[in-house]
Amino acid sequence: MVPTKKSAVLVDGVILNGPTTDAKAGEKFVEEACRLIMEEVVLKATDVNEKVCEWQPPEQLKQLLDLEMRDTGEPHHRLLELCRDVIHYSVKTSGSVSNMYAMNLARYKYCPDIKERGLSGMPRLILFTSAEGAAPFLVCATSGTTVLGAFDPLDEIADVCERHGLWLHVDASWGGSALMSRKHRRLLQGIRRADSVAWNPHKMLMAGIQCCALLVKDKSGLLKKCYSAKASYLFQQDKFYDVSYDTGDKSIQCSRRADAFKFWMTWKALGTLGLEERVNRALALSRYLVEELKKREGFKLLMEVAPAIKERMMKKGSLMLGYQPHRGKVNFFRQVVISPQVSREDMDFLLDEIDLLGRDM
Ligand SMILES: *Cc1c(COP(=O)(O)O)cnc(C)c1O
């Protein structure tokens, strides 16, 4: 659809021309993985001659499964072997509404008998420091805001939190993935000082939705203390293996999909360096787009015509581009660049198309 221009464009040392992934090879992998899942999961699960599980203790699983994350990605045949191993031992993990989780943790830490007492008799709790007798219990910083992609200065915020003994939560749903890049991770300088971090690999790292990680610094079992329902019919403690690996009684919901698996498989496939490359490329493409935009006559970063142009681009079927107002400013287009399929040619097409559709306005 997009005409290819000859000259290679380099931004931040990243070549931006052409997509970087091999779509055909990807299709073939998905086909093979589906066949594997059909054979190993669906058919075997309904075959009475098959074992219902291949149980191994957690420590043994660590040996049996190749859990190490390497710099370089694995070839497709190896990924299929890994899928087969994981399916064989049916490892289950989970992700969830991490920001709320972290807030509950902070509240629990502030008031450990909240589950017995409820909210009655408790001071009015608030998230930020305030005068007037309210008790601040959490500061939520953001690494990569949803609309602007802005990063809070974590070190400075952590200084304040340390001084006042406040739980520091970082909503890095968007920006957490920048940690994969040696070039851009300084955006999250100080994140090691956070008590909890929410991170969505289903955003910039393209893990299948949904896949969200909540990273908690506490090592005293706060997750369990806060979320355990102690339901005797649910999570028996008298099991014959190390129950500290059971995530069931550390979270709100019981049944869950194996969300972590999708990201694990992606990481295995691309390697740490492959993920880094994706982040670098996404940020370089954004920079390219901004630079090109500044060069063009008739473009400003904010324009009132966004909804009308959006209507035209959707009716024409050429683009789907989000827009929103921000702090009293009018609607503007918000271009998010994360897919490894996207290239410099698409950035040019985007600007050309907006220009074309809005020319008579
Ligand atoms: C996307 C996003 C969320 C919500 O994550 P979901 O997985 O979509 O629920 C929270 N905070 C920020 C900053 C986000 O960008």
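Residues numbered from 1 in each chain as written. Predicted model: local features only at pLDDT ≥ 70, side-chain atom pairs only at ≥ 80, totals over all residues. Heavy atoms only, no water.

A. Local environment of unusual backbone geometry. Cis geometry marks the peptide bond from Ile-209 to Gln-210; its omega dihedral reads 0°. Residue position: Gln-210 is located in the loop between strand S7 (196-199) and strand S8 (213-216). Positive phi, close to 55°, is recorded for Asp-12, a residue that is not glycine. Looking at the element boundaries, Asp-12 is found in the loop between strand S1 (10-11) and strand S2 (14-15). For Asp-12, a relative accessible area of 28% puts it in the partly exposed group. The backbone phi angle of Met-206 is positive, close to 65°, even though this residue is not glycine. Mapping Met-206 onto the fold places it in the loop between S7 and S8. (Helix = DSSP H or I, 4+ residues; strand = E, 2+ residues; numbered from the N terminus. Buried < 20%, exposed > 50% of the residue type's maximum accessible area, 1.4 Å probe, protein only.)

B. Structural context of the sheet that holds S7. Taken in spatial order, the 4 strands make up an open sheet running S5-S6-S7-S8, and their pairing is mixed. Both edges of this open sheet fall to strand S5 (138-142) and S8, since each of them pairs with a single strand only. Strand-to-strand, the axes of this sheet are offset by a mean angle of 15°, without reference to chain direction. The pairing of strand S6 (residues 167-172) with S7 spans 4 bridges and is parallel. Looking across to S7, one finds that His-169 is bridged to Ser-196. (Pairing = 2+ DSSP bridges. Axes fitted to C-alpha atoms, helices over the stretch in contact; angles between N-to-C directions.)

C. Fine view of the UniProt feature "modified residue: N6-(pyridoxal phosphate)lysine" (unreviewed entry) in the protein chain. In this structure's numbering, the residues bearing the UniProt feature "modified residue: N6-(pyridoxal phosphate)lysine" (unreviewed entry) are Lys-203. Tracing the backbone through its elements, the reader meets Lys-203 in the loop between S7 and S8. In this structure, Lys-203 is in contact with Ser-173, Trp-174 and Ile-338, ignoring residues within four places of it in sequence. (UniProt positions renumbered as here; feature names shortened; annotations may be inferred. Contact = heavy atoms within 4.5 Å.)

D. Summary view of the site of the ligand. Taken together, Asn-99, Gly-144, Thr-146, Asp-171, Ser-173, Trp-174, Asn-200, His-202 and Lys-203 are the residues near the ligand. The contact in question runs from a nitrogen atom of the ligand to an N or O atom on the side chain of Ser-173, over 3.4 Å. His-202 places a polar side-chain atom, nitrogen or oxygen, 3.2 Å from an oxygen atom of the ligand. Surface burial for the ligand is 64%, taken as the share of its 390 Å² of free accessible area covered by protein chains. (Near = heavy atom within 4 Å. Polar contact = N/O pair within 3.5 Å; in protein donor to acceptor, adjacent residues only side chain to side chain. Areas by Shrake-Rupley, 256 points an atom, 1.4 Å probe, with all protein chains shown as cover.)

E. Highlighting the pattern of salt bridges. Throughout the structure, instances matching the rule amount to 24 salt bridges. Of the charged contacts in the structure, one is a salt bridge between Asp-355 and Arg-359, with a shortest N-O distance of 2.9 Å. In this structure, a network of salt bridges that share partners links the residues Asp-66, Glu-68, Arg-70, Glu-74, Arg-78, Glu-81 and Lys-268. (Salt bridge = Lys/Arg side-chain N within 4 Å of Asp/Glu carboxyl O.)

F. Summary view of helix H3 (residues 76-89). Relative to the 20 Å expected for 14 residues at 1.5 Å per residue, H3 spans 20 Å between its end C-alpha atoms, a close match to the ideal helical length. Residues of H3 that are buried include every one of Leu-79, Leu-80, Leu-82, Cys-83, Val-86 and Tyr-89, and no others. Elements in contact with the buried residues of H3: helix H1 (23-45), helix H2 (58-64) and helix H8 (259-295). (Expected span 1.5 Å × (residues − 1).)

G. Spotlight on the packing of aromatic side chains. Summed over all chains, the structure comprises 4 aromatic pairs. A ring pair is formed by Tyr-101 and Tyr-227, whose centres lie 4.7 Å apart and whose planes are at 45°; its orientation type is tilted. In this pair, Tyr-101 is assigned in helix H4 (residues 98-110) and Tyr-227 in helix H7 (residues 222-227), connecting sequence segments 126 residues apart. For Tyr-227, a relative accessible area of 10% corresponds to the buried category. With centroids separated by 5.4 Å and ring planes inclined at 90°, the aromatic side chains of Trp-199 and Phe-263 adopt a geometry described as edge-to-face. Of the two residues, Trp-199 is situated in strand S7 and Phe-263 in helix H8; the sequence distance between them amounts to 64 residues. Note on Phe-263: relative accessible area 9%, which makes it buried. Through a chain of ring-to-ring contacts, three or more aromatic side chains come together here, namely Trp-199, Phe-263 and Trp-267. (Phe/Tyr/Trp six-rings, centres within 6.5 Å; stacked < 30°, edge-to-face > 60°.)

H. The arrangement of the nonpolar core in detail. If you look at the biggest cluster of nonpolar residues, it comprises 21 residues, and the most contacted ones within it are Val-11, Leu-16, Tyr-288, Met-313, Met-347, Leu-350 and Ile-354. Looking at this core, the elements that each hand over two or more residues are H8, helix H9 (306-316) and helix H10 (344-358). For this core, the element with the highest residue contribution is H10, accounting for 6 residues. Lining this core are residues from two domains, each supplying at least three of them: domain 1 (13-92 + 261-295) and domain 3 (322-358). (Core = buried A, V, L, I, M, F, W, Y, C linked by side-chain atoms within 4.5 Å. Domains from an automatic or database assignment.)

I. View of the domain arrangement of the protein chain. Each assigned domain of the protein chain is listed here: domain 1 (13-92 + 261-295), domain 2 (96-260) and domain 3 (322-358). The partner domain 3 presents 13 residues to the 16 residues of domain 1 that form the contact. Here domain 1 and domain 3 share an interface that buries about 1,200 Å² over both sides, 61% of which is from carbon and sulfur atoms. The largest per-residue losses of area from domain 1 upon contact with domain 3 belong to Leu-285, Tyr-288 and Leu-289, which jointly make up 38% of the total buried on that side. The tally of links from domain 1 across to domain 3 stands at 0 salt bridges. Our enumeration of links across domain 1 and domain 3 arrives at 6 residue pairs in polar contact (both at pLDDT 80 or more). Counting residues per element, the side of domain 1 that touches domain 3 draws most heavily on H8, at 9 residues. A per-class count over the side of domain 1 that touches domain 3 returns 8 nonpolar, 5 polar and 3 charged. (Buried area = accessible area lost by both parts, 1.4 Å probe. Nonpolar A, V, L, I, M, F, W, Y, C, P; charged D, E, K, R; others polar.)

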